[in-house]
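Topology and contacts: notes
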Amino acid sequence: GTEPVGKISSCLHAFSFRAWCPHLIMVKDGGCRHACTTCLLCLYSCCWSRSKKGMKTSKCDCAWFFFLFCVCLLTLTWLYLAIVTLNDFHILNEFLFHKLEWWFDWSVVMLSGTVTLVTYSSLLLVLALTLQLCHQPLKIHWLHKVLLILTVLIVVTAFVGMEIQWAEQWESARIALQATGPFLHIGAVVGVTLLAWPVADCFYRTSRSALGVLLLILYLGIVIALYLAPLGIDSPCLMEYNQLPPKPALFGHRGAPMLAPENTLMSFQKALNCGVRVLETDVLVSADGVPFIMHDEKLIRTTNVQELFPSQAHSNASSFSWSELQQLDAGSWFLQKYPFSTAQSFSSSEQAMVRAQKILSLNQLLGEAARHNVSVMFDLRPEEDPHYEHLVNVTVETILKSDIAPELILWLPKEFREQVKQQAPGFQQIYGRKRLNNETNELPYVNLPYQNLSSTEIRFARERGTRQ
């Protein structure tokens, strides 16, 4: 019939087309792949044409690939450390403000720069692995080499700067690893698994040479180490539910400084709404003997002292009288400098409340704490004041005249402690150190940075009844 003849005719026509125009079929089947490979070569090697036949990756190119891999790991390590330190980054912001007298959230700069370096090195590593799978030589362009070296210099400088200025954050990173170790391990296993195909391809393409064997042994060693790593991971995340200790009580450090201007009545009220059991702050004494709440020894950062008292702006806060301190605005800076992103979400009424905040006296804070039956703990500054004993006496007298119960006072200043014990035996004495070797009695209360206590020491202290 006519239908079979038509099918045979179509098949002969297709065969004739393929026989006479093979190059058109090649363009149709391999054009997309050729374009993708050319694009990858352009990004990695700045070369717009595919490599010539017989061109291979040299030992120098392999060395640069290994260097790229190490740079990627280095930037990822710094990214992890940057995220860990983000919780304490306000300390660095305050430190830089005292040096520059210009407020800026430097964590934005650090995270933006870190993410840029991580993204660049990671994408370059992915490009190199893709070119390897496409059987293309890894001829990295000199511009990438310069940028990789610059990346290493930036990250190493950041590590050195942290070691010099902020060394305690290394211990913070170690503690954070206890919580994030299992999840980082899972991510590492996934990453190494994805590298299996490029490593196998490289091994067979090198015809099992010494370099290929070395690469395979290195890869297998990493795999074995990763699968044995859980045996050495000691994480509080890996704990039976019935072994969990009681939930620790919350402290309001300067109140709730992310929700309201620090050390103001609004800040402490926000902290109380969060269920804190202790209000922690810093106390200075005015020129006329009134203890008040202020962290910095100068008023520039958290008040409008430069507007009202420009000639005294750089004077110590203790040199102002209480009447002068009460004239200052202690809240508007929170809306002008945006130390935390929460300030941008305030309603009109909340903004008006912020602008109405004044410097708080110790007596006012004690009254607020007494109404909510919460404890108060503070540092008495400046400790190097030659009349520090007078500061202690004035502060103790103010507390004893207030309505707060003595047992709600957690006394932290270490100077003249024995004298304070005699004047106010009801105060709870807080020690900013561990027990010394020559001490026989346990310290009932200690106030230490979390980096200074191991999980084992915390467990032993809890068993002995020591409060932290």
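Refer to the structure above for everything that follows.
Below: a short report on this structure. (Residues numbered from 1 in each chain as written. Predicted model: local features only at pLDDT ≥ 70, side-chain atom pairs only at ≥ 80, totals over all residues. Heavy atoms only, no water.)

Moving on: helix H4 (residues 89–100). The α-helix winds at 3.6 residues per turn, so residues separated by three or four positions along the chain end up facing the same way. Along its twelve residues, H4 runs 16 Å from first to last C-alpha, staying within 8% of the 16 Å computed at 1.5 Å per residue. Three or more residues of H4 are buried, namely Phe89, Asn93, Glu94 and Phe97. Angular distribution of buried residues about the axis of H4 spans 145 degrees; they occupy a single face of the element. (Helix = DSSP H or I, 4+ residues; strand = E, 2+ residues; numbered from the N terminus. Expected span 1.5 Å × (residues − 1). Buried < 20%, exposed > 50% of the residue type's maximum accessible area, 1.4 Å probe, protein only. Arc of directions from axis to C-beta.)

All right, on to the pairing of strand E4 (residues 375–380) then. Along E4, five of the six residues are buried, which leaves the element largely enclosed by surrounding structure. Where strand E2 (residues 278–285) meets E4, six bridges bridge the pair, whose relative direction is parallel. In the sheet register, valine 278 faces E4, and the bridge partner there is serine 375. In this sheet, strand E5 (residues 409–411) lies alongside E4 in parallel orientation, the contact comprising three bridges. Bridge pairing links valine 376 to isoleucine 409 in E5. (Pairing = 2+ DSSP bridges.)

Here serine 375 lies in strand E4. Discounting chain neighbours no more than four positions away, the residues touching serine 375 are Arg277, Val278, Leu279, Leu408 and Leu410. (Contact = heavy atoms within 4.5 Å.)

Attention now moves to the environment of threonine 193. One can find threonine 193 in helix H7 (residues 169–194). For threonine 193, a relative accessible area of 47% puts it in the partly exposed group. Each C-alpha atom, one on threonine 193 and one on valine 223, is 8.5 Å from the other, the two residues being 30 residues apart in sequence.

Attention now goes to the packing of H7 against helix H9 (residues 210–228). In contact at an axis separation of 10 Å, H7 and H9 are set at 155 degrees when each is read in the N-to-C sense. With respect to their mutual orientation, H7 and H9 come out roughly antiparallel. The hand of the H7/H9 crossing is left-handed. Across the interface between the two elements, His185, Ala188, Val189, Val192 and Thr193 of H7 pack against Tyr219, Ile222, Val223, Leu226 and Tyr227 of H9. (Axes fitted to C-alpha atoms, helices over the stretch in contact; angles between N-to-C directions. Parallel < 35°, antiparallel > 145°, perpendicular 65-115°, else oblique. Left-handed = near helix turned anticlockwise from the far one by under 90°.)

Everything listed is a geometric property; what it means functionally is a separate question.
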